[in-house]
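# Reading the structure
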Amino acid sequence: MHAVKPRWLGWMIGALAACGDEPAASPGASTSAATETVTGDEGTTAAPPTTGAGPGETEAGSSGGSSTGEPDLPPGPWDQGEPIPPNDDPPGDPAAGYAALLNEGYVSCGVPWLIWPLAEPLLGDFTRGDPLPGRTGKNAQVPYNWTVHTPASGVEMASLNCLECHAGNFNGELVLGLGVADMDFTSVPMGALVDNLPLFPWPGGVLGEINKFAGRYQAVGPAIRMLTVGTNPADMLAVQLAAHRDVDTLAWSQEPLVDVPDIMAPIDTPPWWRAYKKHGLFYNGMARGDHRGTMMFASSLCTDSVAEAEEIMGYFDDIAAYIKSLREPKYPFTIDAGLAKVGEGIFLGNCAGCHGTYAADEADETYPNLIFPLEVIGTDPAIVEAGEQIGYMVDWFNQSYYGTITTLELDDPLPGYVAPPLDGVWATGPFLHNGSVPTIALVLDSAARPTSWRRVDFDSANFDEEALGWPFEALPYGQDQAPAEVRKFVYDTTKPGHANTGHTFGDHLTQDERRAVLEYLKTI
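For the structure given in this document, a descriptive report is provided here. The shown structure was predicted, so the numbers you read here are calculated from the model rather than taken from an experiment.

Each value, and the rule that gives it
Residues numbered from 1 in each chain as written. Predicted model: local features only at pLDDT ≥ 70, side-chain atom pairs only at ≥ 80, totals over all residues. Heavy atoms only, no water. Helix = DSSP H or I, 4+ residues; strand = E, 2+ residues; numbered from the N terminus. Salt bridge = Lys/Arg side-chain N within 4 Å of Asp/Glu carboxyl O. Buried < 20%, exposed > 50% of the residue type's maximum accessible area, 1.4 Å probe, protein only. Disulfide = S-S within 2.5 Å.

What follows deals with unusual backbone geometry. Cis geometry is adopted by the peptide bond preceding Pro413, which originates at Asp412 and carries an omega value of 10°. Secondary-structure assignment places Pro413 in the loop between strand E11 (406-408) and strand E12 (417-418). Here the amide bond leading from Gly429 into Pro430 is cis, since omega sits at -5°, within 30 degrees of zero. We note that Leu432 has phi near 70°; this positive angle belongs to a residue other than glycine. With respect to the helices and strands, the residue Leu432 is situated in the loop between E12 and helix H14 (440-443). In this structure, Leu468 is a non-glycine residue whose phi angle is positive, near 60°.

Right, here's the structure in full:
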């Protein structure tokens, strides 16, 4: 008997005790948070719920699930894609991985706990979140994206964890695994901390840890500044991490060891719940095989030796297992079941060949793992064409310790972008790999996309249920002409790396057909 897909949104706070782009919704059965607990550095932490139900009932009283299998596909753009071969991740314990994600110090530098009260107000968006229910000890006193631990230096500290980029808000709730879409990377990260923290002769190695943490951001920060709030510099950071590390020892150099030209390649952080389906992680599908290597590298700002990396590897099989155990949340608003059923048929004939089919039982789903060349997909080419920058990082990675775990491939079977699975896609705006399109309605209607736009606000409860995305306003000016106070909020698609071109595959649909597809997407 096949398992039904677990779905959950946020956390049931009252039920809880004290770790980089769709199937139809499961029947709505009520479940409570898991009672199993796991133990980490800060004591007992409630394990994440593995199933969940919430609002989102259709007008007919069901959740709109379907049981379609592989469609009978006509000729289409999917014929021009190439499949990425499957990978083989080692087994791991998702509950132990959840504990490690929140309690282990895989980012081994940070803010010494002694000065946390002074530093926290200077950290801006990095400390805006609330503590995560279920954490204990000092970890219950810090935002969800920080972990208090004691590294090899012996100085207790708070360090950023993976939830910095991988826990977003939707409808007023924190969703673990949802990419953060409102982070501000338009200034040098930690710049206010570096400039304003009093540098007293702190005792016990504290000053050395401050200097190490600040020094890393001083080294990489200028090269990872984004133009627009909400875009993420993950690929740009990866290039910088490779440029500042010895490929054999992983030793850090404050000055870059090679001269790699800057790249402007914003990304929209993809959701973790896609990971269990994907053979190649990242938008260009470059991470192949065991994905632990790239997961670790993404958080390696202060991993300065192979020995330290090996120690972290000891629990990353569990973190990888936790990430692959995540499933998409359930749509929390009303769904028109009849319209969704119409949309399902249109989706199967026009979209499923690239993005897969979806069912209440995930064993009945399909996902082809296809990568498409630029001339087919037509989206912004910056990442695919950044051979000098991304190519250097790939060569470094494959020769380093991380390359013994994961292999990066830029042109096998071809350079391009992967058509992602669309599970929970309604929650993942803005859209396309660079976040250049504010709603799914505009993904399906390329001629209507604005050249410049900005979100109306960053209230996660303000959601456009018809267009599926964040409410926005089209602007008559670009970023350079914008008033200074709003400039960093303007998404200007004429800027390098920010184009909103491509994915014109919905343009031939009528408005009624697009509306039906949008309704169907709420069910998966």
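The next subject is the pattern of salt bridges. For the coordinates displayed, the defined rule picks out 17 salt bridges. With a shortest N-O distance of 3.1 Å, Asp423 and Lys277 are connected by a salt bridge. With Asp423 in the loop between E12 and H14 and Lys277 in the loop between helix H6 (234-243) and strand E9 (287-289), the pair connects residues that are 146 residues apart, well separated along the chain. Pair check on accessibility: Asp423 and Lys277 agree, each one buried. Connected through salt bridges with shared partners, the residues Lys212, Arg216, Arg245 and Asp304 form a single ionic network.

Tallying each qualifying case throughout the model produces 1 disulfide. Each sulfur in the disulfide pair Cys109 and Cys302 lies 1.7 Å from the other. Here Cys109 is found in the loop between helix H1 (94-103) and strand E4 (111-112), whereas its partner Cys302 is found in the loop between helix H7 (292-298) and helix H8 (306-325), with 193 residues between them in sequence. For the unlinked cysteine Cys351, the closest cysteine sulfur is that of Cys354, found at 8.3 Å. Take Cys351: its relative accessible area is 15%, and that puts it in the buried class.

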